[in-house]
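Examination of the molecular architecture
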Amino acid sequence: MVTLQAVQAHNGALRSRATGLVAVFVGGTSGIALSTALAFTRHTTAPRIYLIGRSRSAADTAIASMKNINPSSQPFFLQSDISLLKNVDKACAEIAAREQKVNLLFMTPGVMTMKGRQETAEGLDRKFVLHYYARMRFIYNLLPLLREAARQRALSDGTRLSRVVSVFDPMVSIRAGGSGTLDFSDLSLKKTFSLQRCGAHASLMGNFLLECLAHLQPQTSFTHTYPSGVATGILREVPAGRFLSALMTPILKPFMVPLEESGERHLYAATSPRYPPKIEGMTPKEDACLGSDGTKGSGCYWVSWDGEEFPVNKKMEITRQQDAAERVLQHTEEVFNQICEQGKTYP
Ligand SMILES: NC(=O)c1ccc[n+]([C@@H]2O[C@H](COP(=O)([O-])OP(=O)(O)OC[C@H]3O[C@@H](n4cnc5c(N)ncnc54)[C@H](OP(=O)(O)O)[C@@H]3O)[C@@H](O)[C@H]2O)c1
């Protein structure tokens, strides 16, 4: 376990080392992304910060806090419903028009819902888009800016910083006896949707695509984290969710990660040399975390709330051996091509 003390020591040292970083927080109006954005504001100098979400009032409050915490910060809000990929493209175009680099792309958008498949105008399920397709589209669109960040020295000691962090749960597909498999005949779950399958596909497809991208763009590191239980607004769409949350939070509190700690821990995950990009000499390899393919410092990390990598899992290894990464990459690019380039619905 990476102790909270170690996390705080690392983060506390960033302020004197990190100036003018650019970070994009997708889902940054609430919960873990907001808490991480506040930690980022607290611990860096003159950062430029983009919050992406739908709620303007939540963003206004967040921006006021950021300016208060760090007057040198420049926070911006991009209001967007990113359950449509065309809106993801618009948000990314706006960022690209204003910035030459992105040091950190941090993503948490998602909903907890009891509803079944909710098809968007683009033909995909809304929850699946938020947990997978929209996140991957942000990465694809912002790869050139992440690449540019990797070319520049970000910290005063010469360290470069080009990171992608996606917060969901790399292990959803094997929890509670899950099979850890993908249905390659229906990756988008058009015909075989269930909430359980949606969680498993979004998690596994994210795992393997991040791994693929770590090979394709070795200057950037890609991390998928599990935050553990954190008291946020995640239950807002569940019937009586606010009531349940108020009821359960005091009972579960001893087992949960406090929201501010989660933000500090995620800032650590986003900046620590434990999670280096594949080619970077940021850290001696022996200090690097074990990558998702079992290689130290591989550039792709599946990490638990406490900063430790998940051990290699046999069920997921079997899925990997079915060329999961290549097939997920091909499927995802087909979806992007059909929806974003050709303006059609999928499939
Ligand atoms: N909290 C936990 O205990 C826990 C445990 C395990 C896994 N996770 C996973 O961790 C991630 C983050 O969770 P969290 O607790 O931080 O969630 P949260 O507080 O509910 O934040 C989710 C964010 O997603 C944004 N969002 C939702 N729908 C959107 C849409 N259509 N367009 C744009 N933005 C949208 C929301 O912003 P707007 O409302 O402004 O649109 C909000 O900022 C989720 O993927 C969740 O499944 C959480």
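Every value quoted in this text rests on a predicted model; they were computed, and no experiment measured them. Starting from 1, residues in each chain are numbered consecutively following that chain's sequence as written. Per-residue local features are limited, in this predicted model, to residues with pLDDT of at least 70; the limit for side-chain atom pairs, both in listing and counting, is 80 or more; totals at the level of whole chains, interfaces and linings are taken over all residues. Based on all heavy atoms of the structure, the side-chain values leave hydrogens and waters out of the count.

Once that is clear, we can look at the side chain of Thr220. Every helix listed is a DSSP run of H or I at least four residues long, and every strand listed is a run of E at least two residues long, numbered separately from the N terminus. Structurally, Thr220 is set in the loop between helix 6 (195-216) and strand 6 (221-225). Among the polar contacts listed, one links the side chain of Thr220 to the side chain of Gln217, at a separation of 3.0 Å. Here, two residues are considered to be in contact whenever any of their heavy atoms come within 4.5 Å of each other. The residues touching Thr220, leaving out its near neighbours within four places in the chain, are Leu146, Ser162, Arg163, Val164, Pro277 and Gly299. The term polar contact refers here to a pair of N or O atoms within 3.5 Å; inside protein, the definition further demands a hydrogen-donor-capable atom paired with an acceptor-capable atom, and it admits residues adjacent in sequence only when both atoms are side-chain atoms.

Moving on, we get to the UniProt feature "transmembrane region" (unreviewed entry) in the protein chain. Listed under "transmembrane region" (unreviewed entry) in the UniProt record, and renumbered for this structure, are residues 20-40. Taken as a whole, residues 20-40 contains 48% helix and 24% strand, while its terminal C-alpha atoms sit 12 Å from one another. UniProt positions are given in the numbering used here, feature names are shortened, and annotations may be inferred rather than shown by experiment.

Turning our eyes to something else, we now look at the site of the ligand. Close contacts around the ligand come from 28 residues, with Gly27, Thr29, Ser30, Arg54 and Thr232 the closest. Note that an oxygen atom of the ligand is positioned 2.8 Å from one of the backbone N or O atoms of Gly27. Between Thr29 and the ligand, the recorded distance is 2.7 Å, taken from a side-chain N or O atom to an oxygen atom. Here the element with the most residues in the shell around the ligand is helix 5 (residues 126-151); it accounts for 3 residues. A molecule or strand has a residue near it when one of that residue's heavy atoms lies within 4 Å.

This part covers the packing of aromatic side chains. Only centres within 6.5 Å qualify two rings of Phe, Tyr or Trp (six-membered ring in Trp) as a pair; their planes then separate them into stacked at under 30 degrees, edge-to-face at over 60, and tilted for everything else. Considering all chains together, one arrives at 10 aromatic pairs under this definition. With centroids separated by 4.9 Å and ring planes inclined at 75 degrees, the aromatic side chains of Tyr132 and Tyr133 adopt a geometry described as edge-to-face. Exposure class is identical for Tyr132 and Tyr133. Each is buried. On the numbers, 6.0 Å between centres and 85 degrees between planes, the contact of Phe208 with Trp302 is edge-to-face. One end of the pair, Phe208, is in helix 6; the other, Trp302, is in strand 7 (residues 300-303), and 94 residues separate them in sequence. An aromatic cluster of at least three residues, connected via ring pairs, comprises Phe25, Phe40 and Phe106. Any residue under 20% of the maximum accessible area for its type is buried, any over 50% is exposed, and the rest in between are partly exposed; the area is computed with a 1.4 Å probe on protein chains only.

What follows deals with the environment of Ala121. Assignment of secondary structure puts Ala121 in the loop between strand 4 (104-107) and helix 5. Counting along the chain gives 73 residues from Ala121 to Ser194, while the straight-line C-alpha distance between them is 19 Å. In this view, Ala121 contacts Leu84 and Thr345; residues no more than four positions away in its chain are not counted.

This part takes up the pattern of salt bridges. Here, a salt bridge means any side-chain nitrogen of Lys or Arg that lies within 4 Å of a carboxyl oxygen of Asp or Glu. In total, this model carries 16 salt bridges according to the counting rule given. Of the charged contacts in the structure, one is a salt bridge between Lys190 and Glu119, with a shortest N-O distance of 3.1 Å. With Lys190 in the loop between strand 5 (163-167) and helix 6 and Glu119 in the loop between strand 4 and helix 5, this residue pair connects regions lying 71 residues apart in the sequence. With a relative accessible area of 46%, Glu119 lands in the partly exposed category. Here the salt bridges share partners, and the residues they tie into one network are Arg42, Glu260 and Glu264.

In this section: the packing of helix 2 (residues 31-43) against helix 8 (residues 259-271). Between the N-to-C directions of two axes lies an angle of 0 to 180 degrees, each axis being a line fitted to C-alpha atoms and, for a helix, fitted only over the stretch in contact. Interhelical geometry of helix 2 versus helix 8 gives an angle of 65 degrees and a closest axis separation of 7 Å. Judged on the interaxial angle alone, helix 8 and helix 2 are roughly perpendicular. Every pair of crossing elements has a handedness; the one defined by helix 2 and helix 8 is right-handed. On helix 8, the residues that touch Gly31, Ile32, Ser35, Thr36, Ala39, Phe40, Arg42 and His43 of helix 2 are Leu259, Glu260, Ser262, Gly263, Glu264, His266 and Leu267. In what follows, roughly perpendicular refers to angles from 65 to 115 degrees, roughly parallel to angles under 35, roughly antiparallel to angles over 145, and oblique to any angle outside these ranges. Each crossing gets its hand from how the near helix is turned against the far one by less than a right angle, where anticlockwise is left-handed and clockwise is right-handed.

Moving on, we get to the sheet that holds strand 3 (residues 74-79). For two strands to be treated as a pair, DSSP must find no fewer than two bridges joining them. Reading across from one edge, 3-2-1-4-5-6-7 is the order of the 7 strands in this open sheet, with parallel pairing throughout. The strands lining the two open edges of the sheet, one partner per strand, are strand 3 and strand 7. With strand direction ignored, the average angle separating the axes of adjacent strands in the sheet is 15 degrees. With 4 bridges connecting them, strand 4 and strand 5 associate as parallel partners. Counterpart to Leu105 in the pairing with strand 5 is Val164. Strand contacts of helix 8: strand 4, strand 5 and strand 6, with the helix running at about 140 degrees to strand 5, the strand carrying the most contacts.

Note that a disulfide, as used here, is simply two cysteine sulfur atoms within 2.5 Å. Taken as a whole, this structure holds 0 disulfides when the rule is applied. The structure places no disulfide on Cys198, whose sulfur is separated from the nearest cysteine sulfur, that of Cys340, by 18 Å. The class for Cys198 is buried, based on a relative accessible area of 1%.

Moving on to empty space enclosed by the protein. For each structure, a 1 Å grid was placed over the protein atoms alone; sets of points admitting a 1.4 Å probe that cannot get out are labelled cavities, open sets with protein on both sides within 12 Å along at least five of seven lines are labelled pockets, and lining residues have an atom within 4 Å of a point. Grid points are joined across faces, edges and corners, and a volume is the space filled by probe spheres set on the points. A full pass over the atoms with the stated rule returns 5 cavities of 30 Å³ or more. Of the voids in this model, the largest cavity is the one considered here, and its volume is about 80 Å³. Along the walls of the largest cavity sit 14 residues, with Arg265, Ala269, Ser304, Trp305 and Gly307 positioned nearest its centre. Residues were grouped as follows: Ala, Val, Leu, Ile, Met, Phe, Trp, Tyr, Cys and Pro as nonpolar; Asp, Glu, Lys and Arg as charged; and all remaining residues, including Gly, as polar. When grouped by side-chain class, the residues that make up the lining of the largest cavity number 8 nonpolar, 4 polar and 2 charged. What the second largest cavity holds in volume is close to 60 Å³. Every residue along the wall of the second largest cavity is listed here: Met171, Leu290, Gly291, Ser292, Trp302, Phe310, Pro311, Val312, Asn313, Met316, Glu317 and Arg320. When its residues are assigned to classes, the lining of the second largest cavity shows 7 nonpolar, 3 polar and 2 charged.

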